[in-house]
Amino acid sequence: MPRDGAYAPLACHSWHSLMRGVDSVESMCVAAARMGARTLALTDVNALYGALPFWEAAREVGLTPLLGADIVTPSGPRALLLAASARGYGRLCRIVTETHRGDYSRAPAGFSLRDLLLEDREGLWVISSDLGLMKEIARCSGTARLAVALSPDTPHRAALDLARRAGIPAVAAPGIFFVDAAGHAMHRLLRAIDLNTKLSRLPDDACVPPSAWMMPRDVLLRSFPDCPEVLETTISIASECAMTDPPWGRTIFPSYEGLSRDAAFELLKRRCFEGAKRRYGHISQAVASRLDHELAIIHGKGFADYFLVVEDIVKQSPRTCGRGSAAASIVSYSLGITHVDPVRYDLFFERFLNEGRVDPPDIDVDFAWDERDGVLEYVFAKYGAARAAMVSNHLCFRGRAAVREVAKVYGLPEDEIRSVTGRLAHTWQTAPAEQMTRSHPLFSDLRLREPWPEILAWATRLEGHPRHLSVHCGGVVIVPDSLTNYVPVEPAAKGVNILQWEKDATEDSGLVKIDLLGNRSIAVIRDALAAVKKNYGVEIPWERFNPLDDLRAQDLIRHGDTVGVFYVESPAMRQLQHKTGTGDFEHLVIHSSIIRPAANRYIREYVRRLRGEPYRAIHPIMEDLMAETHGIMVYQEDVAKIAIAMAGFDVASADDLRKVLSKKHKKKKLEDYRMRFFEGALARAFTRDVIEQVWEMILSFAGYSFCKPHSASYALVSFKSAYLKAHYPAEFMAAVISNQGGYYSTFAYISECRRMGLEVLPPDVNESAIPYSGISRRVRVGLMQVRGLPVEAMEAIALAREASGPFRSLEDFTGRVAIDPSHVRLLIKAGAFDSIASGRSRPELMWRWVRWDAERGVKASRGGPVTRQAGLFEQGVAIGQRGRAEPAAPAYDADTVLRHEVETLGFLISRHPLTLYGKRLERLKHVAASDLHGHVGRAVTTIGWLVTGKVVSTKDDEPMEFVSFEDTTAIYEATLFPEAYRRFCHMLSYTRPYVLRGRVEEDFGAITLTVSDLRFLDR
């Protein structure tokens, strides 16, 4: 009989066995520990997705973690592989990688686990119920580290006999997919979603049996009365696979051109001093000292290769924004990786690198969004697929998606599902879907009958459950040898290879991540600068474009006139600029960081202090350490400064506290730091009240926050955007709309153009480029705005115009451009031929085109030649109507023209939709948005078209919404407090105008309307 507790689960599948496993690694570890296990193996299907969080979770509950994978393929044997050494772990990573590849050079017919194991299984335990596989491996390489898997659900007499004859141990290795038996229902739900089938039609063989739960030893023992030793064997295997340290944990840097460590450093040093001379003209003692200091730390840490690799990547694009803590480094600045002078702006290098920091540096670089893929192609071409891949995102079910998928497998019709998910889309989901449907005002009129309560309960359980992998927005890892020595790799749908680990796990493992990100505002600036050069012959080189002292840009920022301006165009940021009245770079750096949502309660106090009102800091130490922000913590560095000064943390521990605040799984670590912070501060005679207030401010940095160099890098891009909006408004706004990446919709940017006094011109086959274009005070709508017009058609129009000049008529156009007839009709409706219509109305143009297209169809049906030659029109009458005059047709009436405009462009281009309500507005006494400042404290009526909104929760957890409306004069901000939100939230729409009643409020010069009544404006 096995000794008490002698059982180690060897085949545990967490929810990282995507759409199969039910429970998190944390839940499985807790359950195993409660069951009395001392070791636990994580063996997810073809994956090591959860390896790092599993290792940490197991250690926290006193378990020894074992690493493995359940190798499953559509055909061929199945086996459980457990790593018994670092060498075996590397082999495991390579085998898991092979299961995801589509091109198997060794096995043209597909993946072959048998071949891979026969080739090399050093350091691996192989456990399988496939007797043929076991025999073959034993015959070729012996029985060491082989075990025949037995399961309670299948007859095991034959397997046991084989094992005994061959001298291969048998082991109890039932597949565990959920913590307890109740988990089988969730497993079935996941399988139905994964297979896109109704629960009622889910085949039994698509699921594991109900017994696939984590049984205690005594329950499992009853399944093996004739061979109790198979439980004992689990302990033997587990003890052999137990590793003292994880097979990761050392920093793995990329290698630059195969240089030695010393050679790489000497090259880095030379390039830094060359770059510093370019940046500063003359290298002062302060610059030289700073370079020497940074280079000494970089050399001591062995980081030189990393900087050289990033510099090489950055050189592949003429426009970048290096950001993050790396912008505090003069080495980064000298190499052209970052662009904010760390000496001039007193940026703290130790936030980036310090002697005590054990984890690698993290450099983030933004490229123009449409150039980033080219940079990635360069990286993968240079370093190869074996050495370079992108980090993955582990995408989880969120509220709406969970509700939709569960309702689908329950067999509900799409319209009924949409009636629920459509409302969830407008809630910003601050609570689980089940709770939202019970308590949120948007659902007050919705009666959800069976099976909806059950669906919503399942959806709530499903939230946070991993579903599939995607590509991280920019993380790239490059190693000197092979990635599969450290982590499995698999192809993403996008076509690139991705690591099986997400960002946090990648960083924690020691792999060095380089973030190469796409930024639409860099493309906006690029395109606007190109238009300025084309239109006026003025060239503004990117590397010398630092308009921080430009008064017009400062004035624009000061007044919050920043719609379209990178990072400072949101309603909250524009309001903050109104309140502070500052337009200089230094304050914009502060505001770009303090604007994070968790700091809302401190923003008003910051504004009050900035404006000179008397205040008392929490403690004089706050005033001393954060003088530039008036004693309020704004940057990530402030967390470290306070931890050092108040609680006696060393630099490394203080920085680790800062990092823990931003981690997903942090609760226990954060509590440890809280206790340490309180103990250290109390020992230094700080009062508990002061400590609690400071700690609460520290907690506002949870989730996300900026360091000062990151904020400064963003503020520089903001200033470049603001300069272009101030000096070249048409070119700038055209670039904003064309790049499709701002905070607002295209409609809102068109409205902003009108408010700026720019003339917005409709699409035109001769004047419109594919993107929007601007010159002087005019913005021309691009062909890209015509809905349903494919890129191929746009390119054909542009190429024909470039090759032979402007089109002279519709006839000329159809003779030169090969385009689908339906697309010509779109362009006619959009007014794109008006300038070459030769006096014909749009109905007449449509008639001529339809007749010609009909004749073309007749020719094709008769086997005659079909041409697109202009001669078909040059007969003076339409083909098929010989001898009859072309009919005259009046122009479309105004309503039809506007309807076509919305149909083809998505919204009204020619006018603001509120102008259609002119007669109604004349009878309605209301205040224009631009005049609200003159009615502070009064109840007024306004007119508004909804621009954007943000639902938040009050401290009492009641929903409310901040909404931006516009009329033809300005955008204005409105607040729907909980009572008003409950009454009107179901009415909010982007397609109809409103009459609003409310009180005009002012806060430090910023105007808002507190809404008390809202109704639709009817024509």
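Starting from 1, residues in each chain are numbered consecutively following that chain's sequence as written. Where totals are concerned, whole chains, interfaces and linings use all residues; where local detail is concerned, this predicted model gives features only for residues with pLDDT of at least 70, and gives and counts side-chain atom pairs only at 80 or more. Hydrogens and water molecules were not included; the side-chain quantities draw on all heavy atoms of the structure.

Asks: With reference to specific residues and values, describe the overall build of the protein.
Replies: Strands here are runs of E lasting at least two residues and helices are runs of H or I lasting at least four, both read from the DSSP assignment and numbered beginning at the N terminus. For the protein, the count of helices and strands is 39 helices and 21 strands. Over its C-alpha atoms the protein spans a radius of gyration of 33 Å, differing by no more than 12% from the 31 Å that the globule rule assigns to 1019 residues. Projected onto the principal axes, the alpha-carbon positions of the protein cover approximately 100 × 85 × 65 Å. The cut-offs for exposure are 20% and 50% of the maximum accessible area for each residue type, with area from a 1.4 Å probe on protein chains only; residues under the lower value are buried, those over the upper are exposed, and the others partly exposed. Looking at the protein as a whole, 57% of its 1019 residues are labelled buried. The contact definition used throughout considers only heavy atoms, calling two residues in contact when any of these lie within 4.5 Å. Pairs at least 24 apart in sequence give 68% of the contacts found in the protein among residues at least 6 apart. Accessible surface for the protein amounts to roughly 42700 Å². Of this, 50% is attributable to carbon and sulfur atoms. Neither His nor the chain termini are counted; the positive set is Lys and Arg, and the negative set is Asp and Glu. Charged groups are reduced to one reference atom each: NZ for lysine, CZ for arginine, CG for aspartic acid, CD for glutamic acid. With 127 positive and 126 negative side-chain charges, the protein shows a separation of 3 Å between the mean positions of the two kinds. Radius of gyration here uses only the C-alpha atoms, and the compact-globule reference equals 2.2 Å multiplied by the residue count raised to the power 0.38. The Shrake-Rupley method, run with a 1.4 Å probe, gives the accessible areas here. Residue values count only the displayed protein chains as cover.

Asks: Account for the confidence of the model for the protein, with residues named and values stated.
Replies: pLDDT gives the predictor's per-residue confidence on a scale running from 0 to 100. Summing up the model confidence of the protein, the mean pLDDT is 90 and the portion of residues at 70 or higher is 95%. Below pLDDT 50 for its whole length, residues 103-109 participates in 8 contacts with residues either more than four positions away or in separate chains.

Asks: Give a description of the sheet that holds strand β5 (residues 146-150) that names residues and reports values.
Replies: When DSSP finds two or more bridges between a pair of strands, those strands are recorded as paired. Here we have 6 strands laid out as an open sheet, ordered β1-β2-β3-β4-β5-β6, and mixed in their pairing. The outermost strands of the open sheet, each flanked by one partner alone, are β1 (39-42) and β6 (170-172). Ignoring strand direction, the axes of neighbouring strands in this sheet form an average angle of 35 degrees. The pairing of strand β3 (residues 79-83) with strand β4 (residues 124-128) spans 4 bridges and is antiparallel. By the bridge assignment, L81 is partnered in β4 with V126. Convention adopted: a line fitted to C-alpha atoms gives each axis, helices being fitted over their contacting stretch, and angles between N-to-C directions are expressed from 0 to 180 degrees. Relative to strand β2 (residues 64-71), helix α2 (residues 51-60) is tilted by about 145 degrees, and along the sheet it contacts β1 and β2. Of the strands in this sheet, β1, β2, β3, β4, β5 and β6 touch helix α9 (residues 229-241), which is tilted by about 95 degrees from β6.

Asks: Quick rundown of the environment of K708? Include the residues and the values.
Replies: Inspection of the secondary structure puts K708 in helix α30 (residues 708-727). What makes K708 buried here is its relative accessible area of 14%. Expressed as a C-alpha distance, the spacing of K708 and H727, which sit 19 residues apart in the sequence, is 28 Å. Beyond its immediate chain neighbours, meaning those up to four positions away, K708 contacts Y345, D346, L347, V589, E628, Y635 and E637. Distance and chemistry together define a polar contact, namely a pair of N or O atoms within 3.5 Å, with one atom able to donate a hydrogen and the other to accept it when in protein, and with adjacent residues in sequence counting only for side-chain atoms on both sides. Here the side chain of K708 touches E628 through a polar contact of 3.1 Å, side chain to side chain.

Asks: So what about the packing of aromatic side chains? Which residues, and what values?
Replies: One pair of aromatic rings is described through two measures. These are the centre distance and the angle between the planes. By convention, a stacked pair of Phe, Tyr or Trp rings (six-membered ring in the case of Trp) has centres within 6.5 Å and planes under 30 degrees apart, an edge-to-face pair has planes over 60 apart, and any other such pair is tilted. Considering all chains together, one arrives at 32 aromatic pairs under this definition. Ring geometry for Y567 and F706: centres 5.6 Å apart, planes at 35 degrees, overall tilted. With a gap of 139 residues between them, Y567 in the loop between α21 (551-558) and α22 (571-580) and F706 in the loop between α29 (688-699) and α30 connect regions that are remote in the sequence. F706 gets classed as buried once you look at its relative accessible area, which sits at 10%. Here the aromatic residues F253, F303, Y306, F307, F349 and F352 are joined through ring pairs into a cluster of three or more. By the criterion adopted, a ring carries a charge over it if an Arg CZ or a Lys NZ lies within 6 Å of its centre and within 35 degrees of its normal. One Lys or Arg, R992, reaches over the ring of F1016 and ends 3.8 Å from the middle of that ring.

Asks: Can you explain the pattern of salt bridges? Please cite residues and give values.
Replies: Each reported salt bridge corresponds to a side-chain nitrogen of Lys or Arg within 4 Å of a carboxyl oxygen of Asp or Glu. Taken as a whole, this structure holds 55 salt bridges when the rule is applied. Close ionic contact of R604 with D1003 constitutes a salt bridge, the shortest N to O distance being 2.8 Å. Pair noted here: R604 is in helix α24 (residues 600-610) and D1003 is in strand β20 (residues 993-1003), with a separation of 399 residues, a long-range link. With its nearest N and O atoms 2.8 Å apart, the salt bridge here joins E605 to R609.

Asks: Explain the pairing of strand β21 (residues 1006-1016) residue by residue, including any values.
Replies: Here strand β19 (residues 971-976) runs beside β21; their pairing, made up of 3 bridges, is parallel. Residue pairing in the sheet places A974 in a bridge with L1009 of β21. In this sheet, β21 lies alongside β20 in antiparallel orientation, the contact comprising 10 bridges. Residue pairing for β21: Y994 is matched across the bridge by F1016. What sits between β20 and β21 in their antiparallel hairpin is a turn of 2 residues, with F1004 showing a positive phi close to 55 degrees.

Asks: Which residues make up the sheet that holds β21, and what are the values?
Replies: With respect to topology, 5 strands assemble into a closed barrel ordered β17-β18-β19-β21-β20, the strand pairing being mixed. Recorded for the sheet is a direction-independent mean angle of 50 degrees between the axes of neighbouring strands. Where strand β18 (residues 959-966) and β19 come together, 6 bridges link them in antiparallel fashion. Bridging from a neighbouring strand, E961 pairs with L976 of β19. In this fold helix α32 (residues 746-755) packs onto β17 (939-953), β18 and β19, with an angle of close to 45 degrees to the strand it touches most, β18.

Asks: How would you sum up the side chain of T1008? Please name residues and give values.
Replies: Relative to the helices and strands, T1008 is located in strand β21. Exposure remark for T1008: the relative accessible area of 17% places this residue in the buried category. Aside from chain neighbours lying at most four places away, what touches T1008 is Q575, E973, R999, V1000 and E1001.

Asks: Now, about the nonpolar core: what can you tell me, with residues and values included?
Replies: Nonpolar side chains tend toward joint burial in soluble globular proteins. What is meant by a nonpolar core is a set of buried Ala, Val, Leu, Ile, Met, Phe, Trp, Tyr and Cys residues, joined one to another through side-chain atoms within 4.5 Å. Judged by nonpolar contacts, the single largest core of 138 residues is most densely connected at M646, F677, F813, L827 and F833. Here this core gets 10 residues from one element, more than from any other, and that element is α30. Each residue touching F677, except ones within four places of it in the same chain, is listed here: I642, A643, M646, A647, F649, I691, V694, W695 and I698. Residues L42, A58, L92 and L511 belong to the second largest nonpolar core, which totals 73 residues.

Asks: Residues and numbers for α32, please.
Replies: Counting buried positions along α32 yields 8 of 10 residues, so the element is predominantly enclosed. Taken residue by residue, α32 has T746, F747, A748, Y749, I750, S751, E752 and C753 as its buried positions. In the segment just after α32, G757 is the residue with positive phi, at about 85 degrees.

Asks: If you had to explain unusual backbone geometry to someone new, which residues and values would you point to?
Replies: With omega at 5 degrees, the peptide bond leading from E450 into P451 counts as cis. When you line up the elements, P451 lands in the loop between α17 (433-439) and α18 (452-462). Phi angles above zero are rare outside glycine, and M19 is one such case at about 65 degrees. For M19, a relative accessible area of 3% gives the class buried.

Asks: Would you mind going over the packing of helix α23 (residues 585-594) against α24 in detail, with residue names and values included?
Replies: Axis separation between α23 and α24 bottoms out at 11 Å; the angle between their running directions is 160 degrees. Between α23 and α24, the crossing angle belongs to the class labelled roughly antiparallel. Our pair here, α23 against α24, has a crossing hand that is right-handed. Residue-level inspection shows H587, I590, H591 and I594 of α23 in contact with α24, the latter providing I603, Y606 and L610. For classification, angles of less than 35 degrees are called roughly parallel, those exceeding 145 degrees roughly antiparallel, those between 65 and 115 degrees roughly perpendicular, and all remaining angles oblique. Rotating anticlockwise by less than a right angle from the far helix to the near helix defines a left-handed crossing, while the corresponding clockwise rotation defines a right-handed one.

Asks: Describe in detail the environment of R787, supporting the description with residues and values.
Replies: As for its position among the elements, R787 is in the loop between β16 (778-780) and α33 (791-804). Among residues more than four places away in sequence, those in contact with R787 are L826, V902, E903, T904, L905 and G906.

Asks: So what about the packing of helix α26 (residues 636-647) against α29? Which residues, and what values?
Replies: The contact between α26 and α29 brings their axes to 11 Å, and the two run at 155 degrees. As judged from the angle between their axes, α26 and α29 are roughly antiparallel. Note that α26 runs across α29; the crossing there is left-handed. Contacts from V639, I642 and M646 of α26 reach α29 at V690, I691, V694 and I698. Counted by class, the contact of α26 with α29 contains 7 nonpolar, no polar and no charged residues. Any residue that is not Ala, Val, Leu, Ile, Met, Phe, Trp, Tyr, Cys, Pro, Asp, Glu, Lys or Arg is counted as polar, Gly included; the first ten are nonpolar and the last four charged.

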